[in-house]
Each structure stands twice: as C-alpha cells, then as structure tokens.
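Spelled out, the chains give:
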Amino acid sequence: MSAFFNFLNQETALEARLQVRNGQLRLRACGLTSVPPMAFEISQLSLMDLSRNKLTVIPNVLVLTCERTLKSLFLDHNFIVSLPPEVCNCIALEDLRINSNQISLLPPELGNLRSLTRLDASMNRLTSIPSSISQLDELRILDVSRNLLPSLPDESLACLTSMSDLSLSSNRLDQLPLTLAFMQDLKFLRANGNRISQLKRDIVLLPELTELHLSDNLLTSLPSNCWLKATNLEALDVCGNQLSSVPPEIGELTSLQVLGLARNANLSEGMTKALFKGIHSTLEYLRRQQSEGRKAGARSYKEKADEEEEEISGIERYEQQKQKAKEKRIKQLLANITTNNSGPTQFYKALAQLEADGVDPEDMAIIKERLAKRMINEFKQS
C-alpha cells in the first residue's frame, strides 16, 4: 500500500493512513484529477470520501473491493459527468452524495441500492429520475434541487413512503405530483424556484409536515379548508408568487413560526401593512378575518365544494385516476384488435402480439377475458 500513500504528500498520507485503519478513506480536497490506482485495492471500507477534488471520471472498479461493506460514498463537488452503474452494486450503501457535479443521467440500476437512506444529487444537469427509484424503500432524504427536471416520476414517488426530507427547488416543475400524498412521514418539502401554479390540498394535509417552501413559483391562490389540520407546520414560505389573498385559517396555526408572504404584489393593503409588522401581526390579522367570516356566516359555493372534495383523500383520487387511465389503455388496445369471428387462431395470435409488445400482465388478464367474450358474441351472431 506504500505506493498509494506516496501518491499523496506526507501530511495527507498520514491522515489517510489513520482513516483507512478505521475503515474510512478520506481524500477530501486533495486536488486529485484522477483516483489513485492503489485505492482500488483497499478492501472492507465503510466510508470513501473523494469530495472537493477535480475528478471527471469515476472508474467502474472503484468500489469493487468494498461492495458489501461500503456505507457512505462522497463524490460531491467534482466535475464528474456520469455515475458508473457498478456503484449500484454496493448493497450496504446508505449515504450517496454526488451533488455539485456535471451528471445528466442517473443509472437505471439505482434501484439496487435498497439500503440507501440519503441521496444528494443536487446541482447537476439531471433531466429525469429513473423509475427504479421506487425500489429505494428506506430512502428518507432526497435532494435533486438545482437540476433541469421538467417533471417527476409520479408512480415511482408513491413508493417512497419513508421519505421525510424532499428537496426539489430550482428545477422546471410545473406541478407537485399527487403521489406525494403517500409520503405520510414527510416533514420538509422544498420546491422553491419552479413553475408551480397550484398547491394541492393533499400536500397541506400531510400529517407530519413541518416546513413547506414554495417561494418564487406561479401560485395565484392557496387551498382553503385544510390548514387547521396542519398542526405541525412551523414554516410556510410562499414569497415571490402571485397571491392576492391568504386563507384566514392560517392565522389559527399555533405552531407556525415563519410565514413568508413577501413579493406577492396583489395582496390587500391591510395584509401588506400587517406583514411589515412581523409574523405576530400577520397571524392576528388573519385571525380577525377568520372571526369576521364566521360571524357573517359567509361561505362561498367554492368553499363548500372544496369541503366536499376534501372527503376524498389524495390517495383515493390518485387511485381513481390510475384506474381511469388503465381502463382507457385497455380499451385502446382492444380497439386495435380485429377478430372478425376468425376463431381461436386469431384469438391466440392477437394475444401473442400483445405479450410481445410488453403489455402489463394485469392488463393482459383483463384483455384476455374481454377478448374471449367478444369472440363468443361474434360467434353467436354469425
């Protein structure tokens, strides 16, 4: 291993030697332009830190000798353009930091990291997230902020039920997917600096939500008749949007410590004056509005409709949408099949073609049943 340590200056070599003895290799900010070859031969590592160097390529053999032991891999603040799929063979990996690089694509094998609890891929050039992320059952912290994401994989996010901290800021998102309603443990949601025009009630109703950051988006309104259930909410930031009003019930939130409403030019004069005096004055102003509304007994048709809609949870609405999409998909597939009373041969030929096209097995079962009924009816009518 002496050749490896000679690669570094004496002071860095001593530090590295001490850390390797503890199962940790720390080569942070050493000015490296490539990974020292002897690093590939160090086995039984639990932590590998190559952050803040000048690396552009990560060799696919980097983790070959510690696939079963490596728990933390720090590759952040380099110039890396791609993450080798071999990294996804680290079955014990819990913390992966690849932020502040030049990565445009995450490997499809990402889902193999079943022990991963934290993934920081912020400040890259990502335009998509692989659907295999749905397999990361233990993932609690996900940061994909400051990328180029136009959308998120809705169904894949529905599987991340352990998520507690989600950062989506500074992308190109025009909506927050309804599937976030499945993240019942979510505490921190950051989606500043996107193009979001609507905040769904289901986000507000997340039971553990503590901080909600949606500044610098395109919100024109906030949902009503839901905020009283946001009992754990401590920070709400909707600065820099296009709000003209704020639901008065927000004033009843006793846990709220931060309320960001600045740079919403269409707010009323009374609200603007209250904002200048601080959060206590703002909440008091909203409480007065709430009290006045109750006394007047004035509830708009929209508010009543919102209350009725609230009875259907976000998860139920998502399932309904999913079922409708499935029914539409099946009808389209059936419409493309012409049987014309051609007998069993045509029936099995049509099914074989659908299977070759990779149709979902659940869809296939329904199609088989309906296609068989159709052919029986055609036979009876002939």
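A. A look at the overall build of the protein. Helix and strand content of the protein: 10 helices and 11 strands. Every one of the 382 residues in the protein was classed for burial, and the buried ones make up 45%. For the protein, contacts bridging at least 24 residues in sequence account for 39% of all contacts bridging at least 6. Working note: accessible area of the protein is about 19700 Å², and carbon and sulfur atoms make up 48% of it.

B. Focus on the sheet that holds strand β2 (residues 47–49). Read across the open sheet, the 11 strands follow the order β1-β2-β3-β4-β5-β6-β7-β8-β9-β10-β11; overall the sheet is parallel. Where the open sheet ends on each side, the last strands, each with one partner, are β1 (24–26) and β11 (258–260). In this sheet, adjacent strand axes meet at a mean angle of 5° when their direction is disregarded. In this structure, strand β8 (residues 188–190) lies alongside strand β9 (residues 211–213), joined through three bridges in parallel fashion.

C. How the structure looks around the environment of Cys88. On the secondary structure map, Cys88 appears in the loop between β3 (72–74) and β4 (95–97). With 25 residues separating them in the primary sequence, Cys88 and Val63 have C-alpha atoms 9.6 Å apart.

D. Geometry of the side chain of Ser51. Checked against the element boundaries, Ser51 lands in the loop between β2 and β3. For Ser51, a relative accessible area of 2% translates into the label buried.

What counts and what doesn't
- Residues numbered from 1 in each chain as written.
- Predicted model: local features only at pLDDT ≥ 70, side-chain atom pairs only at ≥ 80, totals over all residues.
- Heavy atoms only, no water.
- Helix = DSSP H or I, 4+ residues; strand = E, 2+ residues; numbered from the N terminus.
- Buried < 20%, exposed > 50% of the residue type's maximum accessible area, 1.4 Å probe, protein only.
- Contact = heavy atoms within 4.5 Å.
- Areas by Shrake-Rupley, 256 points an atom, 1.4 Å probe, with all protein chains shown as cover.
- Pairing = 2+ DSSP bridges.
- Axes fitted to C-alpha atoms, helices over the stretch in contact; angles between N-to-C directions.

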